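# Descriptive structure summary
Listed here are the chains, written in short residue letters.
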Amino acid sequence: MFIENYQPMDNIEKFDVADGAHVVQIVNAQRTWTKDKTKQMVLVDLRVEGQRNQMNYQFRIVEGESFGMIMTNFFKMFGIQIGNFSFMTWLNMRAIGNFEHKRRTYNGREIESC
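What comes next is a walk through the structure. Numbering of residues starts from 1 in every chain and runs along the sequence as written. Residue-level local features of this predicted model are given only where pLDDT is at least 70; pairs of side-chain atoms are given and counted only at 80 or more, and the full residue set underlies all totals for whole chains, interfaces and linings. The side-chain values count all of the structure's non-hydrogen atoms but skip hydrogen atoms and water molecules.

## Some details on the overall build of the chain
Helix and strand assignments follow DSSP, with helices taken as H or I runs no shorter than four residues and strands as E runs no shorter than two, numbered in order from the N terminus. A count of helices and strands for the chain gives one helix and six strands. Helices and strands appear in the chain in the N-to-C order β-β-β-α-β-β-β. Across the 114 residues that make up the chain, the buried fraction comes to 26%. Contacts between residues were defined by any pair of non-hydrogen atoms, one from each residue, lying within 4.5 Å. Taking the contacts inside the chain whose residues are at least 6 apart along the sequence as the reference set, 48% of them involve residues at least 24 apart. Note on areas: these come from Shrake-Rupley sampling with a 1.4 Å probe, and a residue is covered only by the protein chains present in the view. Within the structure as shown, the chain displays about 8,900 Å² of accessible surface, and the carbon and sulfur contribution to it stands at 51%. Buried means the residue's accessible area, taken with a 1.4 Å probe over protein chains only, is under 20% of the maximum for its type, while exposed means over 50%, and partly exposed covers the values in between.

## Side note on helix α1 (residues 67-78)
Compared with the 16 Å implied by 1.5 Å per residue over twelve residues, the 16 Å span of α1 between its first and last C-alpha is a close match. For α1, the set of buried residues is M71, F74, F75 and F78. Seen end-on, α1 carries its buried residues on one side only, within an arc spanning 100°. Those residues of α1 that are exposed and angled more than 90 degrees off the buried face are M69 and K76. With its phi angle positive at about 70°, G79 sits one or two positions after the end of α1. Each helix should span, by expectation, one fewer than its residue count multiplied by 1.5 Å. Directions are taken from the helix axis to each C-beta atom, and the arc is the one they span.

So yeah, pure geometry; function would need other evidence.
Below, the structure is given as structure tokens:
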């Protein structure tokens, strides 16, 4: 059975950090594809200080019109030499990230963001 066996789950692990500025550290970076395999992207896993669990935040920089601007800002923010795509050299680099939770609603009712 499928739907008939559904059981609600408690304590679902999710990315959870308080609003505001936090120190972030690069723990992994790689060149990969979007889920639909139509665009390349740089996927960066960030560890966030002050987070309640150990789940990393994933920052995706997807190819397209804004790639150059976003990538340049990323290099500057982390103090990485502009144009350095040697991902191993990015590991453990730190910067300040600003997180802001947005209220999500469905049919006028507030829902929890993940």
